[in-house]
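Residue-level listing of the chains:
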Amino acid sequence: MIGRLNHVAIAVPDLNRAVARYRDALGAAVSAPQDLPEHGVRVVFVTLDNTKVELLHPLGENSPIAAYLARHPDGGMHHMCFEVGDIAAAAEVLTGQGARVLGDGKPRIGAHGLPVLFLHPKDFDGTLIELEEIAPT
Ligand code: CO
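Here is a short report on the structure shown in this document.

Procedures and definitions
Residues numbered from 1 in each chain as written. Predicted model: local features only at pLDDT ≥ 70, side-chain atom pairs only at ≥ 80, totals over all residues. Heavy atoms only, no water. Donors = N, O, S within 2.8 Å, 3.2 Å for Na, K, Ca; no water. Helix = DSSP H or I, 4+ residues; strand = E, 2+ residues; numbered from the N terminus. Buried < 20%, exposed > 50% of the residue type's maximum accessible area, 1.4 Å probe, protein only. Salt bridge = Lys/Arg side-chain N within 4 Å of Asp/Glu carboxyl O. 1 Å grid on protein atoms, 1.4 Å probe; cavity = no way out; pocket = protein on both sides within 12 Å on 5 of 7 lines; lining within 4 Å. Points joined across faces, edges and corners; volume = space filled by probe spheres on them. Nonpolar A, V, L, I, M, F, W, Y, C, P; charged D, E, K, R; others polar. Patch = residues over 30% accessible without salt bridge, like charges linked within 9 Å, V, L, I, M, F, W, Y side chains within 5 Å. Areas by Shrake-Rupley, 256 points an atom, 1.4 Å probe, with all protein chains shown as cover. Pairing = 2+ DSSP bridges.

**Side note on the coordination of the cobalt ion**
Note on the cobalt ion: its protein donors are H7 (NE2), H79 (NE2) and E130 (OE). The metal-donor distances range over 2.0 to 2.1 Å. Read in sequence order, the donor residues coordinating the cobalt ion give the pattern H-x71-H-x50-E. Taken together, the residues span a long stretch of sequence, with H7 in strand β1 (residues 5-11) and H79 in strand β6 (residues 76-84) at a distance of 72 residues. Residue H7 is classed as buried on the basis of its relative accessible area of 0%.

Pasting the structure below:
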């Protein structure tokens, strides 16, 4: 069902410092920061040949990233995102096997303008999983 690894997301306590490390020390292509108020995040994309890294920083009140950083003050891996062809079908298969979709269970529009949903980390060995619907090419 799942296709490529679309991105790995890292929660970072200091976004400028993280950007400098990826851009200057690691020599990666790094985007300008983008605010996603509906997700409570400010995000920077690090584009690699085969995948992306998303640097996530809290934005606004009740950011899920603020809660994560309260538990992991140094930052850490927040989620992985896998590509799927049909997100509604994927959600149906997964919930049919007992996996829990976070929120109201419906896909939302994610950071790349495509439908996404999140699967409960307790159902995936402690890792928050994002699915993103990629249009067939
Ligand atoms: Co993501």
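**Comments concerning the pattern of salt bridges**
The tally for this structure, following the rule as stated, stands at 4 salt bridges. For the salt bridge of E83 with R4, the shortest nitrogen-to-oxygen distance reads 3.5 Å. Placement of the pair is E83 in strand β6 and R4 in the segment before β1, with a sequence separation of 79 residues. For E83, a relative accessible area of 11% gives the class buried. Measuring nitrogen to oxygen at the nearest pair gives 2.9 Å for the salt bridge that ties R23 to D24.

**Side note on the layout of surface pockets**
Counted as a void, the largest pocket has a volume near 680 Å³. In terms of lining, the largest pocket is formed by 32 residues, of which the most central are P64, H78, L102, F118 and L128. Looking at the lining of the largest pocket element by element, the count peaks at 5 residues for helix α2 (residues 64-71). Per-class residue counts for the lining of the largest pocket are 16 nonpolar, 9 polar and 7 charged.

**Focus: a nonpolar patch on the surface**
Together, M1, I2 and V93 give the surface a local cluster of nonpolar side chains, amounting to about 290 Å² of exposed area. Looking at the secondary structure, you find M1 in the segment before β1. Take M1: its relative accessible area is 58%, and that puts it in the exposed class.

**Topic: the pairing of β1**
Counted residue by residue, β1 has 5 buried out of 7 residues, so it is predominantly covered. Sheet topology note: the β1/β6 ladder contains 6 bridges and is antiparallel. Across the sheet, residue L5 finds its bridge partner in β6, namely F82. Pairing geometry for β1 and strand β5 (residues 52-58), over 5 bridges, is parallel. Looking at the pairing, A9 lines up with E54 of β5.

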